[in-house]
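Coordinate inspection notes
Each chain is listed here by its residues.
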Amino acid sequence: MKKNEAAATKPRRRRDPDGTRMAILEAAGTLLAKDGPEGLSVSQVAQLAGVNRGTAYQHFQTREQLVDATTVWVSEQLCEAVFGGLAPRSPVEHIDPQHVSEHMVQFAMQNPELGRAWLFHVLSSPHPANDPFWKQYRQRFQKFAKSESAQPGIDIDVHTVLMIIGTFLWPVWARAHTRTAKDRQLMATRFSDEILRLSLYGNMRPEKYPALAAKLSKKAPKKTPPKAPKKVAAGTSRRSK
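For clarity, every value in this text was computed on a predicted model and none was experimentally measured.

Next up on the list: the environment of H59. Looking at where H59 falls in the secondary structure, it is placed in helix 4 (residues 53-59). Here the alpha-carbon distance between H59 and D18, two residues 41 residues apart in the chain, equals 9.9 Å. The residues contacting H59, other than those within four sequence positions of it, are P17, T20, R21 and I24.

Now for a nonpolar patch on the surface. A cluster of nonpolar side chains, namely F120, L123, L169 and V172, defines an oily patch on the protein surface of about 320 Å² accessible area. At the level of elements, helix 7 (112-124) and helix 9 (156-173) are the ones that each hand at least two residues to the nonpolar patch. Along the chain, L169 turns up in helix 9. Judged by its relative accessible area of 34%, L169 falls in the partly exposed class.

In this section: helix 2 (residues 17-35). One full turn of an α-helix is made of 3.6 residues, so residues set three or four places apart face in the same direction. In this model, helix 2 (19 residues) spans 26 Å end to end at C-alpha, consistent with the 27 Å of a helix rising 1.5 Å per residue. Turning to helix 2, its buried residues are T20, I24, L25, A27, A28, G29, L31 and L32. Buried-residue contacts for helix 2 involve helix 3 (42-49), helix 4, helix 5 (63-83) and helix 7. Downstream of helix 2 by one or two residues, G36 has phi in the positive range, about 80°.

What follows covers the packing of helix 8 (residues 132-145) against helix 9. Remark: helix 8 packs on helix 9, axes separated minimally by 10 Å, with the N-to-C direction vectors making an angle of 130°. Considering their axes alone, helix 8 and helix 9 lie oblique with respect to each other. In this structure, helix 8 meets helix 9 at a crossing whose hand is right-handed. Here F133, W134, Y137, R138, F141, Q142 and A145 of helix 8 come into contact with helix 9, specifically with I156, D157, H159, T160, V161, M163 and I164. Here the contact of helix 8 with helix 9 is composed, by residue class, of 9 nonpolar, 3 polar and 2 charged.

A positive phi angle is found at R175, which is not glycine, with a value near 50°. Position of R175 relative to the elements: it lies in the loop between helix 9 and helix 10 (181-200). Under the relative-accessibility criterion, R175 is labelled partly exposed at 48%.

Cut-offs and rules
Residues numbered from 1 in each chain as written. Predicted model: local features only at pLDDT ≥ 70, side-chain atom pairs only at ≥ 80, totals over all residues. Heavy atoms only, no water. Helix = DSSP H or I, 4+ residues; strand = E, 2+ residues; numbered from the N terminus. Contact = heavy atoms within 4.5 Å. Patch = residues over 30% accessible without salt bridge, like charges linked within 9 Å, V, L, I, M, F, W, Y side chains within 5 Å. Areas by Shrake-Rupley, 256 points an atom, 1.4 Å probe, with all protein chains shown as cover. Salt bridge = Lys/Arg side-chain N within 4 Å of Asp/Glu carboxyl O. Buried < 20%, exposed > 50% of the residue type's maximum accessible area, 1.4 Å probe, protein only. Expected span 1.5 Å × (residues − 1). Axes fitted to C-alpha atoms, helices over the stretch in contact; angles between N-to-C directions. Parallel < 35°, antiparallel > 145°, perpendicular 65-115°, else oblique. Left-handed = near helix turned anticlockwise from the far one by under 90°. Nonpolar A, V, L, I, M, F, W, Y, C, P; charged D, E, K, R; others polar.

Below is the structure:
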């Protein structure tokens, strides 16, 4: 068989646009975590993803499109990590607040740079509430606020902002990128427990969550009574002479 005939009979590589797009987004996520949105370019992402630059430009014509798509991709990963396996219209009593809190802060602690880049991009957008995760978190909390498990008069927007921003800035404060995996887990547990404590005695009805109340009460640090101040003898001065 001649060389050109062998080339003609060789099966062509099957095109996989979805797989290529996913590879591009995963590479973009890596660079976004490393260099932030300013360091993201289609050509660099194509090189890291192992795809032709022209192919990458077919998916994302501009850097802005790539940044926006990568941010949405991160948000979807966050949705899966926090709400995965939970139907969008699940009854509010089936939503475990401990699960939501722990999984959200664990994602933030395990992906500190990526989470921070995602948060800052969302906050700088004209409509941050349209972000997939932000939107889903707010909708689920709104459903909770209308249930019998919630305290009356909750400000949904204030709660959403406090929870999301606080969760993704905690790894910055805790310097999660310099810590071991074990340390990051401990820091995540600290934050999650305190957020749950604030929520349990703030916007939740504790009697509706007896198991959580018992768990948090066991972890509460024991308070030592303050020492009585030393008595100053009458007729003496505190100032040293």
